[in-house]
Amino acid sequence: MSFSPLSSLAESFKEQGNAYYSKKDYSQAFNYYTKAIDACPKNASYYGNRAATLMMLCRFREALEDSQQAVRLDDCFMKKNNAATLLEYQRMADFGFEKRDFRKVVYCMDRALALASACHRFKILKAECLALLGRYPEAQSVASDILRMDSTNADALYVRGLCLYYEDCIDKAVQFFVQALKMAPDHEKARLACRNAKALKAKKEEGNQAFKNNNYEAAYQLYTEALAIDPNNIKTNAKLYCNRATAGAKLKKVDQAIEDCTSAIKLDDTYIKAYLRRAQCYMDTEQYEEAVRDYEKVYQTEKTSDHKQMLKKAQMELKKSKRKDYYKVLGVGKNATEDEIKKAYRKRALMHHPDRHSSATPEVQKEEEKKFKEVGEAFTVLSDPKKKVRYDNGHDLEDDGCFDGGDFDANNIFRAFFGGHSGGFTFDSNSGPGNFFFQFG
């Protein structure tokens, strides 16, 4: 079978195109397939080959047009399906990226790369979404593969910088963003990321300096401003939330500090510092069960002697919180002096003495009698140095038998305190709380 000169020339161009395609030089392959088509525009296989090359160059609409032309020339030609499929994956990925459904984008790009394995555009989009999902080693691996073939690829440089940026290596990240912008000055994503990285670093450092200067209000505000810069930077934002919690605790904003620690932990559930800060806030607000839970988490992760001591202290405070709070019964602080404890007992004992409530309903009398007994118990413990130390160290004195078997009599404590008198008190039932007078008989 003889070939016309143009057919022979077209075949020669196709063979050269095939050689470049095998070398993954898709731009040159495209040029030679185009020459083959120009020489022989009725050959379906030339359009099919150029369609495959266009897919590798991520020019899918043109690939689809070439595939459709190939089918028109030869209805047995089937490469049209791949081009249409790739276009659909690209459409789904673009929609997923817009909706921040990065897992869907990775899925679509994996399917697309199965059909166009050398497409840098698909690889870059996959790598960027892996970085946004926090899968930094995978993202770095994809970007590095591209850079090994093309060290000037701005998109790959951007993704490398993005991974470093999200791992809180901001200075190194900026270097990659700057390099990407040198290769492609109009690279908008690299420009934005570079600007965010520099702004985030500057604002965080300003906040740290304000905190060191004891200017906690300014530090709190600066950390708040830093958190607004880039919600995607999970690792840095976790640190910023924890820093703001520390400043908030200094400002007595303990509830907000707990919320900030919780936000930090949601972003990074391995962030020990955030658990420790939240646990301390729980201790400060006497939420001991929550504190124990956080300290247990910390100790399971890092079994240091310091963490063990923190856990034991929280467990002790939790145990103490479940006993009667004798300080609260007397209405004094835990650092109350002996004189303050006596004054408090005098006031509370007179306030709840049964004789004062003799004309009240049986229910009120029963409640006041209970309170009178508790006041006596509290004074018995807190006025005795040895018992007070044991109580403060977490011992349950009821378990120790201090008030066992009904032997404790609050009236005995009352009489002993008021000079050993056994009765004859007269209470003014018309006076308000704290306005007592009584006579010794």
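Residues numbered from 1 in each chain as written. Predicted model: local features only at pLDDT ≥ 70, side-chain atom pairs only at ≥ 80, totals over all residues. Heavy atoms only, no water.

**Q** Even after reading the chapter, I still don't get the overall build of the chain, so can you show me in this structure?
**A** Per the secondary structure count, the chain includes 22 helices and 0 strands. Of the contacts formed within the chain by residues at least 6 apart in sequence, a portion of 52% connects residues at least 24 apart. A total of about 24,200 Å² of accessible surface is found on the chain, and carbon and sulfur atoms cover 48% of it. (Helix = DSSP H or I, 4+ residues; strand = E, 2+ residues; numbered from the N terminus. Contact = heavy atoms within 4.5 Å. Areas by Shrake-Rupley, 256 points an atom, 1.4 Å probe, with all protein chains shown as cover.)

**Q** Is there a simple way to explain the packing of aromatic side chains in this structure?
**A** Think of a pair of aromatic rings as described by two things: how far the centres are apart, and how the planes are tilted against each other in angle. A full pass over the atoms with the stated rule returns 12 aromatic pairs. The ring of Tyr-32 has Lys-35 sitting right over it, with the charged end atom 4.6 Å from the ring centre. (Phe/Tyr/Trp six-rings, centres within 6.5 Å; stacked < 30°, edge-to-face > 60°. Lys NZ or Arg CZ within 6 Å of the ring centre and 35° of its normal.)

**Q** Whenever I open this one, the environment of Leu-54 confuses me. Can you help?
**A** If you trace the backbone, Leu-54 turns up in helix H3 (residues 44–56). For Leu-54, a relative accessible area of 1% puts it in the buried group. As a C-alpha pair, Leu-54 and Leu-64 span 10 residues in sequence and 8.9 Å in three-dimensional space. Each residue touching Leu-54, except ones within four places of it in the same chain, is listed here: Phe-30, Arg-59, Glu-62, Ala-63 and Asp-66. (Buried < 20%, exposed > 50% of the residue type's maximum accessible area, 1.4 Å probe, protein only.)

**Q** Quick question: what am I supposed to make of the UniProt feature "repeat: TPR" (unreviewed entry) in the chain here?
**A** UniProt feature "repeat: TPR" (unreviewed entry): in the numbering of this structure it lies at residues 10–43, 154–187, 200–233 and 272–305. Each end of residues 10–43 is marked by a C-alpha atom, and these two atoms are 9 Å apart; helix forms 79% of the span and strand 0%. Between the C-alpha atoms that bound residues 272–305 there is a distance of 15 Å. The span itself is 82% helix and 0% strand. (UniProt positions renumbered as here; feature names shortened; annotations may be inferred.)

**Q** How should I be thinking about the environment of Leu-162 in this particular structure?
**A** Positionally, Leu-162 belongs in helix H9 (residues 154–166). Judged by relative accessible area, which is 2%, Leu-162 ranks as buried. Beyond its immediate chain neighbours, meaning those up to four positions away, Leu-162 contacts Glu-128, Ala-131 and Phe-177.

**Q** How should I be thinking about the nonpolar core in this particular structure?
**A** Across soluble globular proteins, nonpolar side chains have a tendency to be buried as a group. With 69 residues, the main nonpolar core has Phe-60, Met-109, Phe-122, Tyr-158, Tyr-165 and Phe-177 as its most contacted residues. A total of 10 residues in this core trace back to one element, the largest contributor, which is H9. For Phe-177, the residues in contact, after removing those within four places along its chain, are Tyr-158, Gly-161, Leu-162, Tyr-165, Ala-190, Ala-193, Cys-194 and Ala-197. Residues Tyr-326, Ile-341, Phe-372 and Phe-414 belong to the second largest nonpolar core, which totals 21 residues. (Core = buried A, V, L, I, M, F, W, Y, C linked by side-chain atoms within 4.5 Å.)

**Q** Explain the packing of helix H14 (residues 254–267) against helix H15 (residues 272–284) here, please?
**A** Between H14 and H15, the shortest axis-to-axis distance is 9 Å and the interhelical angle comes to 155°. Classified by the angle between their axes, H14 and H15 sit roughly antiparallel to one another. Regarding H14 and H15, the two cross each other, and that crossing is left-handed. Along the contact surface, H14 presents Val-254, Ala-257, Ile-258, Cys-261, Thr-262, Ala-264 and Ile-265, while H15 presents Ala-274, Tyr-275, Arg-277, Arg-278, Cys-281 and Tyr-282. Of the residues contributing to the contact of H14 with H15, the split by class is 10 nonpolar, 1 polar and 2 charged. (Axes fitted to C-alpha atoms, helices over the stretch in contact; angles between N-to-C directions. Parallel < 35°, antiparallel > 145°, perpendicular 65-115°, else oblique. Left-handed = near helix turned anticlockwise from the far one by under 90°. Nonpolar A, V, L, I, M, F, W, Y, C, P; charged D, E, K, R; others polar.)

**Q** I tried to follow helix H12 (residues 216–227) on my own but got confused; where do I start?
**A** Note that an α-helix has 3.6 residues per turn; residues three or four places apart therefore point the same way. Taking 1.5 Å as the rise per residue, H12 with 12 residues should run 16 Å; its terminal C-alpha atoms sit 16 Å apart, in good agreement. Listed in full, the buried residues belonging to H12 are Tyr-216, Ala-219, Tyr-220, Leu-222, Tyr-223, Ala-226 and Leu-227. Down the axis of H12, the buried set is contained in an arc of 165°. They therefore lie on one face. Buried positions along H12 lie against helix H11 (188–212), helix H13 (234–250) and H14. (Expected span 1.5 Å × (residues − 1). Arc of directions from axis to C-beta.)

**Q** Got a minute to help me understand helix H17 (residues 305–321) in this structure?
**A** With 17 residues, H17 extends 24 Å between its outermost C-alpha atoms, agreeing within 8% with the 24 Å of an ideal straight helix rising 1.5 Å per residue. Considered for burial, the residues of H17 that qualify are His-307, Leu-311, Ala-314, Glu-317, Leu-318 and Lys-320.

**Q** Sorry, what's going on with unusual backbone geometry here?
**A** In terms of backbone geometry, most residues other than glycine have negative phi values and most peptide bonds are trans. Although it is not a glycine, Arg-100 adopts a positive phi angle of roughly 60°. With respect to the helices and strands, the residue Arg-100 is situated in the loop between helix H5 (80–98) and helix H6 (102–115). Although it is not a glycine, Glu-286 adopts a positive phi angle of roughly 60°. Examined against the element boundaries, Glu-286 turns out to sit in the loop between H15 and helix H16 (288–301). Looking at Glu-286, the relative accessible area reads 53%, which means it is exposed.

**Q** Can you help me understand the pattern of salt bridges in this one?
**A** Any two side chains of opposite charge can pair if their charged atoms end up close together. Counted according to the given criterion, the structure contains 19 salt bridges. Taking the shortest distance from any N to any O, the salt bridge between Glu-11 and Lys-14 comes out at 3.7 Å. In this pair, Glu-11 and Lys-14 both sit in helix H1 (residues 5–22), 3 residues apart, roughly one turn of the helix. Among the residues examined, Lys-14 registers a relative accessible area of 16% and is labelled buried. Among the salt bridges present, the one from Asp-392 reaches Lys-388, with a minimum N-O distance of 3.2 Å. Taken together, the residues span about one helical turn, with Asp-392 and Lys-388 both in helix H21 (residues 385–392) at a distance of 4 residues. Assessed through its relative accessible area of 28%, Asp-392 is described here as partly exposed. Looking at Lys-388, the relative accessible area reads 18%, which means it is buried. Three or more residues are tied together by salt bridges with common partners; here these are Asp-168, Lys-204 and Lys-239. (Salt bridge = Lys/Arg side-chain N within 4 Å of Asp/Glu carboxyl O.)

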